[in-house]
Amino acid sequence: MKWDKWGGFNFSGQDWQPATQPVQFTYDRLGQHTVDLIVMDTGYLMDDTECVLEVVPPGGNNPPTAQLVITPTTGTITTTFTLDVSGSTDDHDAIYDLSVRFDWTDDGVFDTSWLNASQTYTVTFHDMWGQFTVRARVMDSGGLTDDATQTITVTTPYRIFLPLATKSQ
Ligand SMILES: [Ca+2]
Ligand SMILES: [Ca+2]
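Engineer: Looking at this model, I keep getting lost on the domain arrangement of the protein. Mind explaining?
Structural biologist: One frequent convention defines the size of an interface as the accessible area lost when the parts assemble. Examined at the domain level, the protein breaks down into domain 1 (2-55) and domain 2 (69-155). The distance between the C-alpha centroids of domain 1 and domain 2 comes to 37 Å. Contacts between the two partners involve four residues from domain 1 and, on the opposite side, six residues from domain 2. Counted by class, the side of domain 1 that touches domain 2 contains one nonpolar, two polar and one charged residues.

What follows is the structure, given as structure tokens:
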């Protein structure tokens, strides 16, 4: 039996130990950690499994406070908007331990995967214009979240003429 407390299925350098022997791990990082286990029988057949544990600070984990800054707040369909959530805070996690995902038009469907909150991201609205609410969801290492939104205005650099049908009487 071998254990990997960091969840990488990396058992190198470990000796097989009897399955009856308990093991103890100490973590120096808060948050969720995956623990892997591989078991071998006397016939050298193996199986593995994993589970997730969470290390919480004394007093428990509190959700982060999300902050979203978009520059500029008004642009055209060729404008590159820069999104910055690095002002978000958490009681125990540093900014690079926080994750963020964006819903560009606040339609309830997030448009990105989880990204590192310490970096800035950009978006361009090529084929949509109007006023949008951009939603950023910030998640701490314990899986707790907070949302921040900002409204931006995207205009077309040219006028749109809708086809006009007149009905003859
Ligand atoms: Ca927290
Ligand atoms: Ca969306």
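Engineer: Got a minute to help me understand the pairing of strand S7 (residues 99-103) in this structure?
Structural biologist: Consecutive residues of a regular strand have side chains that alternate between opposite faces of the sheet. Bridge analysis of S7 against strand S8 (residues 115-116) gives two bridges, and the strand direction is antiparallel. Counted as the bridge partner of Val100 is Leu115 from S8. As paired elements, S7 and strand S10 (residues 130-139) share five bridges and run antiparallel to each other. Of the residues in S10, the one forming a bridge with Val100 is Val138.

Engineer: How should the nonpolar core be read in this particular structure?
Structural biologist: Ranked by internal contacts, the top residues of the largest apolar core, which has 15 residues, are Leu68, Leu83, Val85, Val100, Val134, Ala136 and Val138. For this core, the secondary-structure elements that each account for two or more residues are strand S6 (81-84), S7 and S10. The element best represented in this core is S10, accounting for five residues. Ignoring sequence-local partners within four residues, the contact set of Val100 consists of Val85, Leu115, Ala117, Ala136, Arg137 and Val138.

Engineer: Just checking my understanding: could you explain the sheet that holds S6 for this structure?
Structural biologist: The strands that make up a sheet are held in pairs by hydrogen bonds between backbone atoms, and each pair lies either parallel or antiparallel. With antiparallel pairing, three strands are arranged side by side in an open sheet as S4-S6-S9. Two strands lie at the open edges of the sheet, namely strand S4 (69-71) and strand S9 (120-123), each paired on one side alone. Taking each pair of neighbouring strands and ignoring which way they run, the sheet shows an average axis angle of 25°. Here four bridges tie S6 to S9, and the two strands are oriented antiparallel to one another. Within S9, the position partnered with Phe81 by the bridge is Val123.

The rules behind these values
- What you see as residue numbers is a count from 1 along each chain, following the sequence as written.
- Here chains are named by letter from A upward and ligands by number from 1 upward, in the order in which they appear as written.
- Selection of residues for local features in this predicted model requires a pLDDT of at least 70, selection of side-chain atom pairs for listing and counting requires 80 or more, and totals for whole chains, interfaces and linings are taken over all residues.
- Those domain boundaries reflect an automatic or database domain assignment.
- We call two residues in contact when their backbone-placed C-beta atoms lie within 7 Å.
- Charged means Asp, Glu, Lys or Arg here, nonpolar means Ala, Val, Leu, Ile, Met, Phe, Trp, Tyr, Cys or Pro, and polar covers whatever is left, Gly included.
- Here a strand pair is declared whenever DSSP counts at least two bridges between the two strands.
- Where helices and strands are cited, they refer to DSSP runs of H or I of at least four residues and of E of at least two residues respectively, numbered from the N terminus.
- Connectivity within a nonpolar core runs through C-beta atoms within 7 Å, and the core itself is a set of buried Ala, Val, Leu, Ile, Met, Phe, Trp, Tyr and Cys residues.
- Here a residue counts as buried when 20 or more other C-beta atoms sit within 10 Å of its C-beta, as exposed when there are 12 or fewer, and as partly exposed otherwise, the C-beta atoms being derived from the backbone.
- Axis angles are defined between N-to-C directions and span 0 to 180 degrees, where every axis is a line fitted to C-alpha atoms and, for a helix, only to the segment in contact.

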